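Read off the chains here:
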Amino acid sequence: AEGRSALSEQFATFAAAESAARRPGSEALLERVSEMMFVDAIRRHVERYRMAGHDLEIDGPRYVSLEIDMHVCAEADYFRADVKEELLKLFSNRVLADGRLGIFHPDQFTFGQTVYLSPLIAAAQAVPGVMSVQVKQFQRQGTPDNKALAAGKLELGRLEIARCDNDPNFAEHGVFHLSVGGGK
């Protein structure tokens, strides 16, 4: 959760934002009910401390789906399929077999956190069998804009949280396109 006090003229606004864990396949209705219960619990808790003349505002997170297109060239001694499999595991939103979090795991991102391109490239280059990495697209999903790619970073607002689930059943939660060339 995030809390912030912002004075404006005669009253204060307290904004609290909730970051509920996202579960693949969760029902939208259940998620909405859970969010409303959380907001109600926060409101009851903070109300005791609210000063007279101050308004209370509770805002939820605004998820920003990413759209990334990466091309990787595999080294000659490696099979393209093996390299691609390892990269897709790494660039997932899951807990990996060795206990590490995938690059796009929800715990890797927080409110307003800028998403930098260089750690994504470095992570891909660290995978055995990767010779080179080229990112062709790096943007908010559905918003064609090369500014983030050119700048090497995607800046988010204070209540925005990046997500890239790469789930074909929920493409609106972010997509990671990966092509692999070279190798065997």
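Source: prediction; values computed, not measured.

1. Comments concerning the environment of Arg-43
Structurally, Arg-43 is set in helix α1 (residues 28-47). Along the backbone, Arg-43 and Ile-58 are 15 residues apart, and their C-alpha atoms lie at a distance of 7.5 Å. Ignoring sequence-local partners within four residues, the contact set of Arg-43 consists of Leu-56 and Ile-58.

2. Quick notes on the pattern of salt bridges
Oppositely charged side chains are able to pair whenever their charged atoms sit close together. If you walk through the whole model with that rule in mind, you get 8 salt bridges. One salt bridge connects Glu-47 with Arg-50, and the closest N-O pair in it is separated by 2.8 Å. Residue Glu-47 is classed as partly exposed on the basis of its relative accessible area of 36%. Exposure remark for Arg-50: the relative accessible area of 34% places this residue in the partly exposed category.

3. Thoughts on the side chain of Glu-67
Inspection of the secondary structure puts Glu-67 in strand β4 (residues 62-74). In this structure Glu-67 is buried but unpaired, with Arg-140 as the nearest side chain of opposite charge at 11 Å. From its side chain, Glu-67 meets the backbone nitrogen of Gly-142 in a polar contact 3.2 Å long.

4. A closer look at the confidence of the model for the chain
On average, residues of the chain score 84 in pLDDT, and 82% of them are at 70 or above. Segment residues 1-26 is flagged for pLDDT under 50; beyond a separation of four residues in sequence, or across chains, it makes 64 contacts in the model.

5. Quick word on the nonpolar core
Counting residues in each nonpolar core, the largest one holds 35 residues, and the members touching the most others are Met-70, Val-72, Leu-87, Phe-91, Phe-104 and Phe-138. Per-element tally for this core: the top contributor is β4, with 6 residues. If we skip the residues at most four places from it in the chain, Met-70 touches Phe-91, Leu-120, Ala-124, Val-133, Gln-134, Val-135, Phe-176, His-177, Leu-178 and Ser-179.

6. Digging into helix α2 (residues 80-90)
In an α-helix, one turn spans 3.6 residues, which is why side chains three or four residues apart end up on the same side. The complete set of buried residues in α2 reads Val-83, Leu-87 and Leu-90. Relative to the axis of α2, the buried residues are bounded by an arc of 60° and lie together on one face. Structurally, α2 contributes buried residues whose contacts are with β4, α3 (117-125), β6 (130-140) and β9 (175-182).

7. Some remarks on the packing of aromatic side chains
For the coordinates displayed, the defined rule picks out 4 aromatic pairs. Residues Phe-104 and Phe-109 carry aromatic rings whose centres are separated by 6.5 Å and whose planes lie at 10° to one another, so their mutual orientation is stacked. On the accessibility criterion, Phe-104 (1% relative accessible area) is buried. The class of Phe-109 is buried, set by a relative accessible area of 13%. Pairing Phe-104 with Phe-176 gives two aromatic rings, centres 5.9 Å apart and planes at 55°, and the pair type is tilted. Of this pair, Phe-104 sits in the loop between α2 and β5 (115-116) while Phe-176 is found in strand β9, placing the two residues 72 residues apart along the sequence. Accessibility classification places Phe-104 together with Phe-176 in one group, the buried group. An aromatic cluster is present here, built from Phe-91, Phe-104, Phe-109 and Phe-176 joined pairwise through their rings. Above the ring of Tyr-63, the side-chain terminus of Arg-163 is found at 4.9 Å from the ring centroid. Against the face of Phe-79 rests Lys-184, its NZ or CZ located 5.1 Å from the ring centre.

Calculation rules
- Residues numbered from 1 in each chain as written.
- Predicted model: local features only at pLDDT ≥ 70, side-chain atom pairs only at ≥ 80, totals over all residues.
- Heavy atoms only, no water.
- Helix = DSSP H or I, 4+ residues; strand = E, 2+ residues; numbered from the N terminus.
- Contact = heavy atoms within 4.5 Å.
- Salt bridge = Lys/Arg side-chain N within 4 Å of Asp/Glu carboxyl O.
- Buried < 20%, exposed > 50% of the residue type's maximum accessible area, 1.4 Å probe, protein only.
- Lys, Arg positive; Asp, Glu negative; His and termini not counted.
- Polar contact = N/O pair within 3.5 Å; in protein donor to acceptor, adjacent residues only side chain to side chain.
- pLDDT = per-residue confidence, 0-100.
- Core = buried A, V, L, I, M, F, W, Y, C linked by side-chain atoms within 4.5 Å.
- Arc of directions from axis to C-beta.
- Phe/Tyr/Trp six-rings, centres within 6.5 Å; stacked < 30°, edge-to-face > 60°.
- Lys NZ or Arg CZ within 6 Å of the ring centre and 35° of its normal.

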